[in-house]
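Report on the structure
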Amino acid sequence: MPVYIGKRLLVAIPTLLIISIFVFSLQKLLPGDPIMAMAGEERDPAVLEPLREKYHLNDPIPVQYVRWLGGVAQGDLGVSLRTNQPVLELIGQKLPVTIQLAVMSMFFAVIIGVPMGILAAVKKNTILDYIANLVALSGLSVPNFWLGIMLILLISVNLGWLPASGFESIFVDPVRSIQTMLMPSFVLGTGLAATLMRHTRSAMLGVLSSDYIRTARAKGLSPREVILSHSFRNALLPVVTLSALLFGELLAGAVLTEQIFTIPGFGKLIVDAVFNRDYAVVQGVVMCTAVGFLVMNLAADILYVLLNPRLRATL
């Protein structure tokens with residue numbers, strides 16, 4: 001297992017390098033000048049050039065990239081052009097918010113999507129299967145921003161059960177924090193639940209038609225034991241991989257959902273940075289997101305091996 005993890009980490013290094021080249025190069029194609037945005041409307045032309053020199057924006061792009069990459073390798077993601085704060089400090093403030101939102105969203109996705117997928121597979125071509133597929137299709141089709149607005153109108157405005165927006169740290173007020181995160185987590189979780197349901201159903205149908213499942217039934221095992229102990233355990237492999245990828249996607253920041261519910265996470269941070277031409281923040285957030293994706297992929301690969309004895313035998 002350590003050798004396998006080491007190989008995966010070696011693959012991650014050139015992947016991150018390629019991502020960094022794309023991020024740095026494509027961002028330079030964005031219209032606008034970060035120094036002009038930073039100076040505001042009443043800008044003094046005499047001040048602009050020293051600012052460009054200060055942030056090395058007059059250097060050739062390859063030189064800027066090498067300087068930036070060297071800082072990243074040392075844990076320095078640069079300084080925000082807008083707030084003059086270290087990018088790493090900004091990410092440290094926003095990352096716990098996004099992680100909390102991602103964890104709660106995945107909780108809703110798993111408790112809704114996986115049982116529905118199992119039920120739909122076991123009750124294939126019955127009314128329960130059709131209902132589960134209808135719910136999944138609705139979850140994929142309904143836009144998150146529309147569902148979020150409707151929930152705010154119903155639950156917050158009309159019923160007054162939950163706050164409509166805002167955020168409170170779970171370390172300051174856990175109850176208030178969960179209350180503010182319930183609706184946005186449910187909004188994101190329903191879309192992911194639909195995807196999980198479809199994949200769980202497909203994986204379960206493939207396993208339920210296997211010879212060893214027919215043998216287990218012929219041996220007199222109860223339906224519950226056949227489904228949970230034999231079928232679901234083997235169908236879990238692709239579901240685990242998909243869940244890790246979806247969690248990585250959540251770490252990238254749910255831009256619209258965070259904007260609707262005024263959640264100060266990665267999504268809001270990167271939107272503000274793009275509008276303000278704050279290159280250092282955009283680069284830092286994208287690189288952290290890429291690292292999150294790679295970490296979740298590595299976790300999925302490790303879980304895949306742990307859950308599949310045949311793969312463990314080949315290591």
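Residues numbered from 1 in each chain as written. Predicted model: local features only at pLDDT ≥ 70, side-chain atom pairs only at ≥ 80, totals over all residues. Heavy atoms only, no water.

1. Observations concerning the overall build of the chain
In terms of helices and strands, the chain carries 14 helices and zero strands. The helix and strand sequence of the chain, counted from the amino end, reads α-α-α-α-α-α-α-α-α-α-α-α-α-α. Across the 315 residues in the chain, those meeting the buried criterion constitute 39%. Summarising the internal contacts of the chain: among those between residues at least 6 apart in sequence, 70% fall at separations of at least 24. Carbon and sulfur atoms make up 68% of the accessible area of the chain, which amounts to about 17,000 Å² in all. (Helix = DSSP H or I, 4+ residues; strand = E, 2+ residues; numbered from the N terminus. Buried < 20%, exposed > 50% of the residue type's maximum accessible area, 1.4 Å probe, protein only. Contact = heavy atoms within 4.5 Å. Areas by Shrake-Rupley, 256 points an atom, 1.4 Å probe, with all protein chains shown as cover.)

2. Digging into a nonpolar patch on the surface
On the surface, a nonpolar cluster with roughly 650 Å² of combined accessible area is contributed by F145, W146, I149, M150, L153, V157 and L256. Examining the composition of the nonpolar patch, we find that six residues originate from one element, helix α7 (residues 144-158), more than from any other. Here W146 is to be found in helix α7. Judged by its relative accessible area of 44%, W146 is partly exposed. (Patch = residues over 30% accessible without salt bridge, like charges linked within 9 Å, V, L, I, M, F, W, Y side chains within 5 Å. Salt bridge = Lys/Arg side-chain N within 4 Å of Asp/Glu carboxyl O.)

3. Some remarks on the confidence of the model for the chain
Confidence in the prediction of the chain, expressed as mean pLDDT, is 79, and 88% of residues score 70 or more. Least confident of the elements in the chain is helix α14 (residues 309-314), whose mean pLDDT is 62; most confident is helix α5 (residues 87-122), at 87. (pLDDT = per-residue confidence, 0-100.)

4. A few points about the packing of helix α8 (residues 174-208) against helix α10 (residues 223-251)
Close contact between α8 and α10 brings their axes to 9 Å; oriented N to C, the two are set at 145 degrees. Considering only the axes of α8 and α10, their crossing is right-handed. The segment α8 lies against α10, with L188, L192, T195, L196, H199, T200, A203, M204, V207 and L208 engaging I227, H230, S231, F232, N234, A235, P238, V239, L242, S243, L246 and L250. Tallied by class, the residues present in the contact of α8 with α10 amount to 15 nonpolar, seven polar and no charged. (Axes fitted to C-alpha atoms, helices over the stretch in contact; angles between N-to-C directions. Left-handed = near helix turned anticlockwise from the far one by under 90°. Nonpolar A, V, L, I, M, F, W, Y, C, P; charged D, E, K, R; others polar.)

5. Observations regarding unusual backbone geometry
Located in the positive-phi region is N125, a residue other than glycine, with phi close to 65 degrees. With respect to the helices, strands and loops of the structure, N125 is situated in the loop between α5 and α6 (127-141). Take N125: its relative accessible area is 51%, and that puts it in the exposed class. The phi dihedral of T262 is positive, around 55 degrees, even though this residue is not glycine. Residue position: T262 is located in the loop between α11 (255-260) and α12 (266-275).

6. Focus on the environment of G75
Tracing the backbone through its elements, the reader meets G75 in the loop between α4 (61-73) and α5. Counting along the chain gives 13 residues from G75 to L88, while the straight-line C-alpha distance between them is 8.1 Å.

7. What about the side chain of T180?
As for its placement among the helices and strands, T180 is situated in helix α8. Under the relative-accessibility criterion, T180 is labelled buried at 5%. Those residues in contact with T180, other than ones at most four positions away along the chain, are P163, G166, F167 and E168.

8. What to know about the side chain of S105
Its location among the elements puts S105 in helix α5. Judged by its relative accessible area of 0%, S105 is buried.

9. Some words on the environment of F186
Take F186: it is sitting in helix α8. Among the residues examined, F186 registers a relative accessible area of 31% and is labelled partly exposed. Look past the residues within four positions of F186 in its chain and what remains in contact with it is F108, I112 and L151.

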